[in-house]
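Analysis of the macromolecular model
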Protein chains: 2
Amino acid sequence: MPRYALKIEYDGAPFAGWQRQTDHPSVQGAIESALARLEPGPHRIQGAGRTDAGVHALAQVAHCDTSRDWGAYRLSEALNYHLKPLPVAITAAAEVAEDWHARFSATERRYLFRLLARRAPATHEAGRVWQVKSPLDLDAMRAGAAHLIGHHDFTTFRSTICQANSPVKTLDDITIETAPGLNGPEIHFRLRARSFLHNQVRSIVGTLERVGTGHWQPEDVKHALAARDRAACGPVCPPQGLYLSGVSYHDDPFS
Amino acid sequence: MPRYALKIEYDGAPFAGWQRQTDHPSVQGAIESALARLEPGPHRIQGAGRTDAGVHALAQVAHCDTSRDWGAYRLSEALNYHLKPLPVAITAAAEVAEDWHARFSATERRYLFRLLARRAPATHEAGRVWQVKSPLDLDAMRAGAAHLIGHHDFTTFRSTICQANSPVKTLDDITIETAPGLNGPEIHFRLRARSFLHNQVRSIVGTLERVGTGHWQPEDVKHALAARDRAACGPVCPPQGLYLSGVSYHDDPFS
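Residues numbered from 1 in each chain as written. Chains lettered and ligands numbered in written order. Predicted model: local features only at pLDDT ≥ 70, side-chain atom pairs only at ≥ 80, totals over all residues. Heavy atoms only, no water.

Per an unreviewed UniProt entry, chain A goes by the name tRNA pseudouridine synthase A and belongs to Lacimonas salitolerans. Within the UniProt record for chain A, the comment given under Sequence similarities (unreviewed entry) is "Belongs to the tRNA pseudouridine synthase TruA family." Under the UniProt heading Subunit (unreviewed entry), the note attached to chain A is "Homodimer." (UniProt positions renumbered as here; feature names shortened; annotations may be inferred.)

Moving on, we come to the overall build of chain A. Counting its secondary structure elements, chain A contains 5 helices and 10 strands. Compactness check: chain A gives a C-alpha radius of gyration of 19 Å against a globular reference of 18 Å for 255 residues, within 12% of the reference. A burial count over chain A gives 54% of its 255 residues as buried. Partitioning the contacts of chain A with sequence separation of at least 6, the portion at a separation of at least 24 is 72%. Total accessible area on chain A stands at roughly 11,200 Å², and carbon and sulfur atoms take up 49% of it. Positive and negative side-chain charges of chain A, numbering 28 and 27 respectively, have mean locations separated by a distance of 4 Å. (Helix = DSSP H or I, 4+ residues; strand = E, 2+ residues; numbered from the N terminus. Rg over C-alpha atoms; globule rule 2.2 N^0.38 Å. Buried < 20%, exposed > 50% of the residue type's maximum accessible area, 1.4 Å probe, protein only. Contact = heavy atoms within 4.5 Å. Areas by Shrake-Rupley, 256 points an atom, 1.4 Å probe, with all protein chains shown as cover. Lys, Arg positive; Asp, Glu negative; His and termini not counted. Charge placed at Lys NZ, Arg CZ, Asp CG, Glu CD.)

It is worth spelling out the interface of chain B and chain A at this point. In this assembly, 26 residues from chain B lie in contact with 26 residues from chain A. Linking chain B with chain A are 4 salt bridges, by the criterion used here. Two residues, E77(A) and R119(B), come together in a salt bridge whose shortest N-O distance is 2.3 Å. In this structure, the connection of chain B to chain A is made through 16 residue pairs in polar contact (both at pLDDT 80 or more). Classifying every residue of the side of chain B that touches chain A by side-chain character gives 13 nonpolar, 6 polar and 7 charged. (Salt bridge = Lys/Arg side-chain N within 4 Å of Asp/Glu carboxyl O. Polar contact = N/O pair within 3.5 Å; in protein donor to acceptor, adjacent residues only side chain to side chain. Nonpolar A, V, L, I, M, F, W, Y, C, P; charged D, E, K, R; others polar.)

Looking now at the domain arrangement of chain A. All names here are of chain A. Domain assignment breaks chain A into domain 1 (3-104) and domain 2 (107-246). Its C-alpha centre places domain 1 at a distance of 27 Å from the equivalent point of domain 2. In this complex, domain 1 contributes 14 residues to the contact, which on the side of domain 2 involves 16 residues. Both sides of the domain 1 and domain 2 interface together cover about 1,100 Å² of buried area, and 50% of this is carbon and sulfur. Summed over the three residues of domain 1 that lose the most area to domain 2, namely D52, H56 and L58, the buried surface amounts to 43% of that side. In this assembly, domain 1 and domain 2 are joined by 2 salt bridges. Across the pair R128 and D11 runs a salt bridge whose closest N-O atoms are separated by 3.5 Å. Across the contact surface, domain 1 and domain 2 share 9 residue pairs in polar contact (both at pLDDT 80 or more). Considered class by class, the residues forming the side of domain 1 that touches domain 2 number 6 nonpolar, 4 polar and 4 charged. (Domains from an automatic or database assignment. Buried area = accessible area lost by both parts, 1.4 Å probe.)

For the rest of this paragraph, the subject is the packing of helix α3 (residues 138-146) of chain B against helix α4 (residues 200-213) of chain B. Residue and element names in this part refer to chain B. Between α3 and α4, whose axes approach to 8 Å, the crossing angle comes to 140°. The angle between α3 and α4 falls in the class oblique. Where α3 crosses over α4, the two elements pack in a sense that is right-handed. Listed contacts from α4 to A140, M141, G144 and A145 of α3 are L208, E209, V211 and G212. Split by residue class, the contact of α3 with α4 holds 5 nonpolar, 2 polar and 1 charged. (Axes fitted to C-alpha atoms, helices over the stretch in contact; angles between N-to-C directions. Parallel < 35°, antiparallel > 145°, perpendicular 65-115°, else oblique. Left-handed = near helix turned anticlockwise from the far one by under 90°.)

Below, the discussion takes up the UniProt feature "active site" (unreviewed entry) in chain A. Residues and elements named next belong to chain A. The UniProt entry lists D52 under the feature "active site" (unreviewed entry), expressed in the numbering used here. Tracing the chain through its elements places D52 in the loop between β2 (46-47) and β3 (56-65). Each residue touching D52, except ones within four places of it in the same chain, is listed here: A16, G17, H198, N199 and R202.

Glancing now at the relation of the copies chain B and chain A. Of the transformation placing chain B onto chain A, the axial shift is 0.0 Å and the rotation is 180°, giving an RMSD of 0.0 Å. Here the two chains are linked by the operation of a two-fold rotation axis. With an isologous cut-off of 70% or more, the 100% of interface residues of chain B that recur at the interface of chain A puts this contact in the isologous class. (Least-squares fit on C-alpha atoms with pLDDT ≥ 70 in both.)

Turning our attention to the pattern of salt bridges. All chains considered together, the criterion is met by 29 salt bridges over all chains. A salt bridge links D139(A) to R142(A); the nearest nitrogen and oxygen atoms lie 3.0 Å apart. In this pair, D139(A) and R142(A) are both assigned in helix α3 (residues 138-146), 3 residues apart and thus about one turn of the helix distant. What makes D139(A) exposed here is its relative accessible area of 53%. Salt-bridge contacts for D173(B) lead to R192(B); the nearest nitrogen and oxygen are separated by 4.0 Å.

Time to look at the UniProt feature "domain: Pseudouridine synthase I TruA alpha/beta" (unreviewed entry) in chain A. Residues and elements named next belong to chain A. The UniProt entry lists residues 9-104 and 145-249 under the feature "domain: Pseudouridine synthase I TruA alpha/beta" (unreviewed entry), expressed in the numbering used here. Secondary structure over residues 9-104 splits into 25% helix and 24% strand, and the C-alpha atoms at its two ends are 20 Å apart. Across residues 145-249, helical content stands at 25% and strand content at 30%; the span's end C-alpha atoms are separated by 26 Å.

Summed over the entire model, instances satisfying the criterion amount to 0 disulfides over all chains. As a non-bridged cysteine, C233(B) has C237(B) as the owner of its nearest cysteine sulfur, 9.5 Å distant. (Disulfide = S-S within 2.5 Å.)

A few words on unusual backbone geometry. The omega torsion across G41(A) and P42(A) is 0°, close enough to zero to call that bond cis. Take P42(A): it is sitting in the loop between α1 (27-38) and β2.

Below, the structure is given as structure tokens:
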């Protein structure tokens with residue numbers, strides 16, 4: 001019974017999130033349904049991370065077990081065929097060891113958050129960026145973000161329904177840079193950690209946006225973190241700018 | 001009666017093209033309708049270039065005359081308000097002289113064509129790029145493109161319904177470069193000329209793609225041009241990768 005690792009790209013807009021749900025379309029459910037077109041099911045795939053409703057992925061990773069020896073390339077081609085016309089694509093596949101686990105073997109997750117700061121409504125990038133109308137101070141946001149890097153109790157920055165055992169996590173890095181975009185220069189937030197709490201990235205970016213507009217001072221982020229109180233968080237920003245951009249493993253199955 | 005220059009960005013997908021049509025949605029018609037919400041019409045705006053159905057713009061330019069002195073900023077804000085929820089945005093506006101003309105005063109038009117060469121279906125970029133499944137040889141395409149730069153009879157590369165008086169045009173430049181994209185590296189074709197013939201960019205890119213796959217040799221582009229025969233053209237590529245990316249004027253009204 002071979003096990004395959006799948007690298008998956010998706011537009012989150014039409015989905016209620018990654019995780020399979022009974023009454024709503026999910027990315028996991030779509031891929032499991034595509035697998036069931038290849039082999040009698042039910043199939044259960046395991047993703048490296050759960051993304052919320054509307055959140056995108058450039059390189060989610062999941063694993064699946066099949067009864068036939070499809071070969072990685074044929075499997076990805078067949079899944080892409082059956083996923084059409086959904087905005088979900090298998091961009092790579094690789095056979096892995098039977099004990100390889102997309103979630104538990106992962107050593108790092110990376111997220112990209114795209115923000116477009118301009119007055120005129122976005123056209124091509126609507127639904128793909130978070131648009132704010134006022135310019136943002138990048139240096140102030142970087143100063144605010146610096147308080148969050150490292151090993152902290154992130155209670156302030158996690159959803160009240162977060163299921164993680166502990167709110168203590170190590171946030172390895174946050175970078176904030178401008179990047180060219182089809183609808184004008186964007187601000188890209190990139191975050192790296194072994195794992196993230198529920199709504200952690202959107203809570204952080206929403207808080208940093210308050211710093212960028214000048215409504216918060218950079219040191220207010222430090223105080224919010226120290227409060228270890230969900231009520232001290234800035235507004236959670238919307239999902240459409242968020243992309244799971246990569247997952248790392250000790251031995252990259254796709255290399 | 002003030003005249004305003006408008007810089008316009010749009011997603012071409014929902015439109016039958018730039019030009020107003022009786023029974024189909026057009027970008028020009030959408031902006032004229034928005035103007036009619038501000039002042040009794042009918043309003044007629046003049047664009048720098050006509051884009052076909054499905055073709056996008058990052059910086060189309062048009063001019064309009066109004067009876068009231070709106071001021072450029074207020075006019076753009078009011079138009080954007082009334083354009084919602086269409087994927088059309090006025091990204092800049094400027095008052096110009098009464099004899100300034102978006103089409104006849106233009107000294108250069110620029111187009112970007114985005115091509116994504118990969119097997120897996122595009123997700124976020126579907127409808128925004130032309131996807132081809134095989135890798136393309138950039139150097140071969142550049143060698144083919146070199147035959148087209150300069151002053152030529154472009155009969156081979158214009159639509160049979162092109163209304164231009166002459167097929168003779170000067171193509172100032174074609175560059176072909178890779179560029180990072182959300183769904184992986186893209187190939188960006190950038191073309192510059194005082195003016196273009198109908199379907200000229202799509203005829204050129206479609207022909208160069210044949211060179212990129214190896215079905216044509218670079219010199220075949222030279223022979224096709226010399227034939228001055230529409231039948232000698234390669235396949236015209238689809239519109240969704242094409243963007244009117246800029247229009248130049250002796251005195252840039254937006255600077």
